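In case you want the letters, here they are:
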Amino acid sequence: AEARIFAGELARGRHDLSGAEHEYRRALTVQRRVGSGNIAITELNLAIVMTLRGSYQDAERLLKRCLGEVDALHRSRLQGAAHIYLAVCAAVRGDFDAFDEHLEDARAVLGEDQAEEDNALGARLAGDRADAAGQRARAERAWAFAAEQEARLAAGRGVRAEQG
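Residues numbered from 1 in each chain as written. Predicted model: local features only at pLDDT ≥ 70, side-chain atom pairs only at ≥ 80, totals over all residues. Heavy atoms only, no water.

1. Focus on the overall build of the protein
Stated precisely, the cut-off is as follows: Only runs of H or I of at least four residues qualify as helices and only runs of E of at least two qualify as strands under DSSP, and these elements are numbered from the N terminus. The size measure is the radius of gyration over C-alpha atoms, and the globule rule it meets is 2.2 Å times the number of residues to the 0.38 power. Relative accessibility under 20% of the residue-type maximum defines a buried residue, over 50% an exposed one, and the middle range a partly exposed one, all with a 1.4 Å probe and only protein chains included. Throughout, a contact is declared for two residues whenever any of their heavy atoms are within 4.5 Å. Method for areas: the Shrake-Rupley scheme with a 1.4 Å probe, in which residue coverage is limited to the protein chains shown. Residues scored as positive are Lys and Arg, those scored as negative are Asp and Glu, and His as well as the terminal groups of each chain are ignored. Every charge is mapped to an atom, namely NZ of Lys, CZ of Arg, CG of Asp or CD of Glu.
For the protein, the helix and strand inventory stands at eight helices and zero strands. Each helix and strand of the protein, placed in order from N terminus to C terminus, yields the pattern α-α-α-α-α-α-α-α. In terms of overall size, the protein behaves like a compact globule, its C-alpha atoms giving a radius of gyration of 15 Å where 164 residues would be expected to give roughly 15 Å. Along the first, second and third principal axes, the C-alpha set of the protein runs to 45 × 35 × 30 Å. Burial statistics for the protein: of 164 residues in total, 45% are counted as buried. Restricting the contact set of the protein to residue pairs at least 6 apart, pairs at least 24 apart contribute 60%. As presented, the protein carries roughly 8,000 Å² of accessible surface, and 48% of it is formed by carbon and sulfur atoms. For the protein, the distance from the average position of its 23 positive side-chain charges to the average position of its 27 negative side-chain charges is 4 Å.

2. Notes on the environment of Leu 17
Inspection of the secondary structure puts Leu 17 in helix 2 (residues 17–34). C-alpha separation for the pair Leu 17 and Leu 46, spaced 29 residues apart in sequence, amounts to 9.7 Å. The contacts of Leu 17, once residues within four sequence positions are left out, are Val 49, Leu 52 and Arg 53.

3. Some words on the side chain of Arg 12
Note the cut-off: Polar contact is defined as a pair of N or O atoms within 3.5 Å, subject to the rule that within protein one atom must be able to donate a hydrogen and the other to accept it, and that residues adjacent in sequence are counted only when both atoms are side-chain atoms.
Note on placement: Arg 12 falls in helix 1 (residues 2–13). Arg 12 gets classed as buried once you look at its relative accessible area, which sits at 12%. Only 2.5 Å separates the side chain of Arg 12 from the side chain of Asp 118, close enough to count as a polar contact. Excluding its chain neighbours within four sequence positions, the residues that come into contact with Arg 12 are Ala 20, Tyr 24, Asn 45, Ile 48, Val 49 and Asp 118.

4. A short note on the side chain of His 83
Within the secondary structure, His 83 sits in helix 5 (residues 76–93). With a relative accessible area of 8%, His 83 lands in the buried category. Only 3.0 Å separates the side chain of His 83 from the side chain of His 102, close enough to count as a polar contact. Excluding its chain neighbours within four sequence positions, the residues that come into contact with His 83 are Leu 67, His 102, Asp 105 and Ala 106.

5. Notes on the packing of helix 2 against helix 3 (residues 39–52)
For the record, the criterion: In this analysis an axis means a line fitted to C-alpha atoms, helices contributing only their contacting stretch, and an angle means the value between N-to-C directions, from 0 to 180 degrees. Throughout this description, any angle smaller than 35 degrees is read as roughly parallel, any larger than 145 degrees as roughly antiparallel, any in the 65 to 115 degree range as roughly perpendicular, and the remainder as oblique. By convention the crossing between two helices is left-handed if the near helix lies anticlockwise of the far one by an angle smaller than a right angle, and right-handed if it lies clockwise. Polarity classes work like this: nonpolar for Ala, Val, Leu, Ile, Met, Phe, Trp, Tyr, Cys and Pro, charged for Asp, Glu, Lys and Arg, and polar for all others, with Gly in that last group.
Where helix 2 contacts helix 3, the axes come no closer than 9 Å and their chain directions differ by 155 degrees. Considering the angle they form, helix 2 stands roughly antiparallel to helix 3. The two elements helix 2 and helix 3 meet at a crossing, and its hand is left-handed. Between helix 2 and helix 3, the contacting residues are Leu 17, Ala 20, Glu 21, Tyr 24, Arg 25, Ala 27, Leu 28, Gln 31 and Arg 32 on the first element and Ile 39, Thr 42, Glu 43, Asn 45, Leu 46, Val 49, Met 50 and Leu 52 on the second. In the contact of helix 2 with helix 3, the residues fall into 10 nonpolar, three polar and four charged.

Below you can see the structure in the form of structure tokens.
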């Protein structure tokens, strides 16, 4: 399973989202078969890729399941990412109450210390989707969140994605 996860990460680094999705799905098959305890992380990575590929409904279902799993584990880094990508899905659906709630929850669980490239990318995408729906003020809040994530990364206070 670890080799498949690594292959998924390499594919993402090359911007091969189809390849990344394929590898994460293969990893999940193995993880479920052997009863791995890290399924939520792989599911989250798969859901992020699905969101980036525009498979919003499927991604949203998976993100909600992931959120339930990572909430139980109290893994704030994973909770934050799930909320950010759920905000993207909410914007696509036009549910801006949910959009606001997910962005607020992401900020709350991530606090001032945690930053990741996936979070910055997701917040920027959430802003883009809100802007496309005519929700400029909401878009600006999401873009500001993305900029905060990017600033933390630039200051060395976060996790950068591995490049393939």
